[in-house]
Amino acid sequence: MGHPPTGAAALSYVMTNKHEVPRTMGQQAGRRSWAEPWKIKMVEPLTMTDRPTRERAMAEAGYNTFLLRSTDVYIDLLTDSGTSAMSDRQWAGMMVGDEAYAGSENFYHLETAIQTYYGYKYLVPTHQGRGAENLISRTEIKPGQYVPGNMYFTTTRLHQEMAGGIFVDVICDEAHDPTNRNAFKGNVDLGKLDALVKEHGADKIAYVSLGATVNMAGGQPVSMANVKALRTWGDKHGIKIYLDATRAVENAFFIQERETGYAGRKIAEILKEFCSYTDGAWMSAKKDSLVNIGGWVAVNSWEVFEELRNLVVVFEGLHTYGGLAGRDMEAMAIGTAESVQDDHIRARIGQVRYLGGLLEKWGVPMMEPIGGHAIFLDARRFYPQLKQDDFAAQTLAAQLYLDSGIRTMERGIVSAGRNAKTGDHYRPKLELTRLTIPRRVYTQAHMDVVAESVKAVYEQRESVKGLKMVYEPKYLRFFQARFEPL
Ligand SMILES: *Cc1c(COP(=O)(O)O)cnc(C)c1O
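Throughout this description, residue numbers start from 1 for each chain and increase along the sequence as written. Since the coordinates come from a predicted model, pLDDT governs what is reported: local features require at least 70, and pairs of side-chain atoms require 80 or more to be given and counted, while whole-chain, interface and lining totals use all residues. Side-chain descriptors were evaluated using all non-hydrogen atoms of the structure, hydrogens and water having been removed beforehand.

S.K.: What's the story with the side chain of serine 209 in this structure? I'm lost.
M.R.: Tracing the chain through its elements places serine 209 in strand E4 (residues 208–211). Using a relative accessible area of 6% as the deciding quantity, one classes serine 209 as buried. For serine 209, the residues in contact, after removing those within four places along its chain, are Val147, Pro148, Gly149, Asn150, Thr156, Gln160, Tyr242 and Trp282. Under the DSSP-based scheme used, a helix requires at least four consecutive residues in state H or I and a strand at least two consecutive residues in state E, with every element numbered from the N terminus. The buried label applies to any residue whose accessible area, calculated with a 1.4 Å probe on protein chains only, is under 20% of its type's maximum; exposed applies above 50%, and partly exposed to all values in between. Two residues form a contact once any of their heavy atoms are found within 4.5 Å.

S.K.: Even after reading the chapter, I still don't get the layout of surface pockets, so can you show me in this structure?
M.R.: To find leftover empty space, a probe the size of one water molecule is rolled over the atoms. The method works on a 1 Å grid over the protein atoms by themselves. A cavity is a set of points holding a 1.4 Å probe that cannot get out, a pocket is an open set with protein on both sides within 12 Å along at least five of seven lines, and residues with an atom within 4 Å of a point line them. Grid points are joined across faces, edges and corners, and a volume is the space filled by probe spheres set on the points. Size it by volume and the largest pocket reaches roughly 1,400 Å³. Around the largest pocket, the lining comprises 36 residues; the ones closest to its centre are Met42, Ala85, Met86, Arg440 and Val441. Going through the elements one at a time, helix H3 (88–94) and helix H13 (342–361) are the ones with two or more residues in the lining of the largest pocket. The element best represented in the lining of the largest pocket is H13, accounting for 3 residues. Charged residues are taken to be Asp, Glu, Lys and Arg, nonpolar residues to be Ala, Val, Leu, Ile, Met, Phe, Trp, Tyr, Cys and Pro, and polar residues to be all remaining types, Gly included. Each residue belonging to the lining of the largest pocket can be placed in one class, and the counts come to 15 nonpolar, 12 polar and 9 charged. Mapped onto the domain boundaries, the lining of the largest pocket takes at least three residues apiece from domain 1 (36–73 + 342–485) and domain 2 (89–339). In this structure, the second largest pocket encloses a volume near 930 Å³. Taken together, 34 residues form the lining of the second largest pocket, with Arg157, Glu161, Ala416, Arg418 and Tyr426 sitting closest to its centre. Every element with two or more residues in the lining of the second largest pocket is listed here: helix H6 (154–162), strand E3 (166–169) and helix H16 (413–416). Either an automatic procedure or a domain database provided the assignment from which the domain bounds are taken.

S.K.: Just checking my understanding: could you explain the environment of glutamate 250 for this structure?
M.R.: Looking at where glutamate 250 falls in the secondary structure, it is placed in helix H9 (residues 248–258). When sequence neighbours within four positions are dropped, the list of residues in contact with glutamate 250 reads Thr213, Asp288, Ile345, Arg348, Ile349, Gly372, His373 and Arg439.

S.K.: Before we go on, may I ask you to explain the nonpolar core in this structure?
M.R.: It is characteristic of soluble globular proteins that their nonpolar side chains tend to be buried jointly. As used here, the term nonpolar core means buried Ala, Val, Leu, Ile, Met, Phe, Trp, Tyr and Cys residues forming a set that is joined through side-chain atoms within 4.5 Å. Among the nonpolar cores identified, the biggest contains 74 residues, and Tyr118, Met151, Leu210, Leu243, Phe274 and Trp296 are the most heavily contacted of them. Here this core spans two domains, since at least three of its residues come from each of domain 1 (36–73 + 342–485) and domain 2 (89–339). Dropping the residues within four chain positions of it, leucine 243 is found in contact with Tyr120, Leu210, Ala212, Ala248, Phe274, Cys275, Thr278, Gly280, Ala281 and Trp282. Counting residues in each nonpolar core, the second largest holds 32 residues, with Ile75, Ala392, Leu435 and Val464 among its members.

S.K.: Help me understand the sheet that holds strand E9 (residues 409–411) in this model?
M.R.: Paired strands, in this sense, are two strands between which DSSP finds at least two bridges. Strand order in the open sheet formed by 3 strands is E8-E10-E9, with antiparallel pairing between adjacent strands. Single-partner strands in this sheet number two, and they are strand E8 (374–378) and E9. Averaged over all neighbouring strand pairs, the angle between strand axes comes to 35°, with direction disregarded. Where E9 meets strand E10 (residues 432–436), 3 bridges bridge the pair, whose relative direction is antiparallel. Bridge pairing in E10 places methionine 409 opposite arginine 434. Simply put, an axis is a line fit to the C-alpha atoms, just over the touching stretch for a helix, and the angle between two N-to-C directions goes from 0 to 180 degrees. Where helix H15 (residues 392–404) meets the sheet, its contacts fall on E8, E9 and E10, and the angle it forms with E10 comes to roughly 40°.

Encoded structure:
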């Protein structure tokens, strides 16, 4: 395994390959190996199961990996959300929780951390990302307004719709093609934004909802040039830009690696510059910020802040705790600072690429190039015999669990849900199964085991049939839907 290229090496391929990412990246020969910038102080035993046990567990869970008990799971790649290992410093921070109802000291630590690393003026903590999405959507969307975004995210779009907004996808076309190797597949297509303004007028647009990286597109990054252009566009039309900052640190890594002029810059600097082109952000701190629970929304406008601060007491708790314990805010403040360390982020994304590199070598079809937080297997190419309505990605997640006890997640037609007006399935072009890597949790040997299991399932792909949905909840159905084998 090798270094993700940085510095001059990164720059040269950006210029010579028309912004395409070469397949050998992360596997360069002749360079020394890197290792994680930490060692392990405490371990948590894992359970290993046999195939009959897994078959029983999968049937009981209705072939939905969200409904498995975690004790029946061996390597858990369901999500990188709230599954990170905290550092000894963060655990020490838990002991200095100031559990006052109002004005907790830990809130002020968190506020300083967000101002320092993200650069926004006013902070409102929330229990997790969707709490923040609820507040910003209610504050900034008038019923009937459009909310353009660079690909939907499940909870984000639902909160925008519940506030009366209409989500419109304005991501570049390349993002919908799993084999396109463009370096910044998360970019917004400004032509699509122009068309939206032309059709409806600027006052019918609530704001631009910018995700960086883009989870549903495979953890693909947005370039600094793109967010800068968005800022100019927003100023011209009087439209605000709000950032889903959930994985903005990972996004900064790709800018450092791929974008001209950023090779020598620190991740922390790049992150702050990126945020400076936006009017505010919401955050699931359970991802980049290395905590098990927590989130926030932060803005530069005092008026918007006043509204958010007022609403948070209705839905989450007082504005100096937002549904969190003081100790949680302390762990988040420390985790925020740790998350922007260059060594940390390089090892984090390096591990994702290590796994992806093995699968690339074996010809397993996946979303390319490899993104920040996960490997997304391309279920359409994996199971060409299955129709999208046979739930190919859901089937693949079930097969991986049956093979080895590793738990993954569907990101295809089940996650996309239904159009509330027509009642039809949303049919996304991407039908993916996500192998999400928790931060600082698993070793390289675990990645080897995962890769070998994917290979085994790939070798048996021809005999596999799909699933049918037998129970469908109304909201965010992927969490609780149940299936049966066809
Ligand atoms: C996880 C996530 C959210 C929602 O955050 P929660 O903490 O799960 O409520 C929002 N946006 C993106 C991109 C996410 O990955």
